[in-house]
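# Remarks on the overall topology
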Amino acid sequence: MTATSHILVIEGRFYRDIADDLLEGAKKALEERSVTFDVISVPGALEIPQVLALAVQQEMFKRNAGKMHYNGCVALGCVIRGETSHYDIVANESAHALLSIATSNGIPLGNGILTVETHDQAKTRA
């Protein structure tokens, strides 16, 4: 990324403490590289691809007058395994949808959605 890069950060806030840590780390990494960014918060990991799809529909990743609004996207969130199959659905579907949207539209994507067994694992990785 160059100093003129502008990134869309989409963060799922279901686990607020994990979301805060992930966002803090992403902001620090982007700021260290002089990359500007916008943050959109959503309830959880399944909503992240929906926002990316809307940004694509709004042509936020296309060149307009020689300039792109966003040069890429970072997805942040956390899915912690529970006692039901909901974990598998959220983890798999969010990852699949993000990959599909990014590859079909040529969008550089950093997928920072943690998929872990426990809250402690998430805190360590965040």
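Above this text you will find the structure in question.
### Remarks on the pattern of salt bridges
- Following the criterion strictly, the structure yields six salt bridges and no others.
- In this structure, Asp21 engages Lys123 in a salt bridge whose closest nitrogen and oxygen atoms are separated by 2.7 Å. Of this pair, Asp21 sits in helix H1 (residues 16–32) while Lys123 sits in helix H4 (residues 119–125), placing them 102 residues apart in sequence.
- Judged by relative accessible area, Lys123 falls into the partly exposed class, the value being 35%.
- As a salt-bridge pair, Arg81 and Glu117 come within 3.0 Å of each other at their nearest N and O atoms.

### Considerations on the nonpolar core
- Core analysis: the biggest nonpolar cluster contains 21 residues, and Ile10, Ile48, Leu52, Phe61, Val79 and Ile113 have the highest contact counts within it.
- Those elements that place two or more of their residues in this core are strand E1 (6–12), helix H2 (48–57), strand E5 (72–80) and helix H3 (86–105).
- Excluding residues that lie within four positions of it along the chain, Phe61 makes contacts with Leu8, Leu52, Ala55, Val56, Met68, Tyr70, Gly72, Cys73 and Ile107.
- The next biggest cluster of nonpolar side chains, apart from the first, holds 16 residues, and it includes Ile7, Val9, Ile18 and Leu114.

### Looking at H1
- Taking 1.5 Å of rise per residue, the 17 residues of H1 would be expected to cover 24 Å, and the 24 Å separating its terminal C-alpha atoms lies within 8% of that figure.
- Three or more residues of H1 are buried, namely Ile18, Ala19, Leu22, Leu23, Ala26 and Leu30. Buried positions in H1, seen along its axis, are confined to an arc of 125° and lie on one side of it. Relative to its buried face, H1 has exposed residues pointing more than 90 degrees away, namely Glu24, Lys28, Glu31 and Glu32.

Conventions adopted
Residues numbered from 1 in each chain as written. Predicted model: local features only at pLDDT ≥ 70, side-chain atom pairs only at ≥ 80, totals over all residues. Heavy atoms only, no water. Salt bridge = Lys/Arg side-chain N within 4 Å of Asp/Glu carboxyl O. Helix = DSSP H or I, 4+ residues; strand = E, 2+ residues; numbered from the N terminus. Buried < 20%, exposed > 50% of the residue type's maximum accessible area, 1.4 Å probe, protein only. Core = buried A, V, L, I, M, F, W, Y, C linked by side-chain atoms within 4.5 Å. Contact = heavy atoms within 4.5 Å. Expected span 1.5 Å × (residues − 1). Arc of directions from axis to C-beta.

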